[in-house]
Amino acid sequence: MNHESSLVNQLTDRLIAGELRPGARLSEAALAKEFDVSRNTLREAFRVLGEQGLVNHIPHRGVSVASPNTSDVIDIYRVRRHIECSVLENAPKNHPGAEEMRRAVEAAHTAAAADDWLRVGTLNMSFHNAVVSLSDSSRLMRSFGNVLAELRLAFLKVEVLDFLHAPFVERNQEVLDAYLNESPRGAAAKLGAYLGDSERQVLGAYARAGQD
């Protein structure tokens, strides 16, 4: 993996973890120093992230973290339904990725009990990433990582983290239980309903916050 690809992956991971906030300006000098890369390498990473919709290049003002709008949210969930539900429905029983799903759910219960909603959000990303890992496709995983980063930015934009994440800790558990104890098809049906509810909650939060 070259320096640019590694840097893109590291910055994407930070977005998924909620460490970079929507609209935040990214300091070229500070990041080049932190990651010990040249400014040219960093600019190429910014170019790739810009193509992925994760950062914005503003003339004479530099680079800032993207801030998803309502149309972006709708499209993010459209992609999620196509990818996640299809992967889960066609997943083999007893795939090793189920263990990662289980760990994410258990850790999310612990974090929710401690009111650590930022961590609950990160563990939610881990759960859905593990769902897509059932595909055994590295290409699909790379593409879905970009979707998760955009999703995290959408969550952070409205700031109501407990409202958004609290109901879905249990629903992640329900999807996992259905996959392990019923059938992949049944789990996919639960996940499809879950994603529809999640989309409506995020869009409702956008509307209440006066976001476009």
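Bear in mind the structure is a predicted one, so any value in this text is a computation, not a measurement. (Residues numbered from 1 in each chain as written. Predicted model: local features only at pLDDT ≥ 70, side-chain atom pairs only at ≥ 80, totals over all residues. Heavy atoms only, no water.)

Looking at the overall build of the chain
Here is step 1: A tally of helices and strands in the chain yields 9 helices and 3 strands.
Here is step 2: Helices (α) and strands (β) of the chain occur, in sequence order from the N terminus, as α-β-α-α-β-β-α-α-α-α-α-α.
Here is step 3: For a compact globule of 212 residues, the expected C-alpha radius of gyration is about 17 Å, and the chain comes in at 17 Å, within 12% of that figure.
Here is step 4: Each of the three principal axes of the chain carries a C-alpha extent, and together these read 55 × 40 × 30 Å. (Helix = DSSP H or I, 4+ residues; strand = E, 2+ residues; numbered from the N terminus. Rg over C-alpha atoms; globule rule 2.2 N^0.38 Å.)

A look at the sheet that holds strand β1 (residues 25-26)
Here is step 1: Within the open sheet, the 3 strands sit side by side as β1-β3-β2. Their pairing is antiparallel. Where the open sheet ends on each side, the last strands, each with one partner, are β1 and β2 (55-58).
Here is step 2: Summarising the sheet, β1 and strand β3 (residues 62-65) pair through 2 bridges and their orientation is antiparallel. In the strand pairing of β3, Leu26 is matched with Val63. (Pairing = 2+ DSSP bridges.)

Quick look at the environment of Asp116
Here is step 1: Residue placement: Asp116 occurs in the loop between α5 (97-113) and α6 (117-133).
Here is step 2: Owing to a relative accessible area of 34%, Asp116 belongs among the partly exposed residues under this scheme.
Here is step 3: For the pair formed by Asp116 and Asp162, sequence separation is 46 residues and the distance between their alpha carbons is 8.7 Å. (Buried < 20%, exposed > 50% of the residue type's maximum accessible area, 1.4 Å probe, protein only.)

Details of the nonpolar core
Here is step 1: Ranked by internal contacts, the top residues of the largest apolar core, which has 61 residues, are Leu26, Phe46, Leu88, Phe127 and Leu191.
Here is step 2: Ranked by residues supplied to this core, first place goes to helix α7 (residues 138-158) with 9 residues.
Here is step 3: Residues Ala108, Ala111, Ala112 and Val169 belong to the second largest nonpolar core, which totals 7 residues. (Core = buried A, V, L, I, M, F, W, Y, C linked by side-chain atoms within 4.5 Å.)

Thoughts on the pairing of β3
Here is step 1: Here 4 bridges tie β2 to β3, and the two strands are oriented antiparallel to one another. When the sheet's bridge partners are listed, Asn56 is paired in β3 with Ser64.
Here is step 2: Between β2 and β3, which pair antiparallel in sequence order, lie 3 residues; one of them, His60, sits at a positive phi of approximately 70°.

Considering the pattern of salt bridges
Opposite charge on two side chains makes pairing possible when the charged atoms of those side chains draw close.
Here is step 1: In total, this model carries 16 salt bridges according to the counting rule given.
Here is step 2: With its nearest N and O atoms 2.3 Å apart, the salt bridge here joins Glu44 to Arg47. Separated by 3 residues within a single helix, Glu44 and Arg47 lie in helix α3 (residues 39-51), roughly one turn from each other.
Here is step 3: Accessibility expressed as a relative area gives 22% for Glu44, which makes it partly exposed.
Here is step 4: Note that Arg81 is salt-bridged to Glu199, the shortest N-O span being 2.9 Å. Note that Arg81 is positioned in helix α4 (residues 70-89) and Glu199 in helix α9 (residues 184-209), a separation of 118 residues in sequence.
Here is step 5: For Arg81, a relative accessible area of 30% gives the class partly exposed.
Here is step 6: Given a relative accessible area of 11%, Glu199 falls into the buried group. (Salt bridge = Lys/Arg side-chain N within 4 Å of Asp/Glu carboxyl O.)

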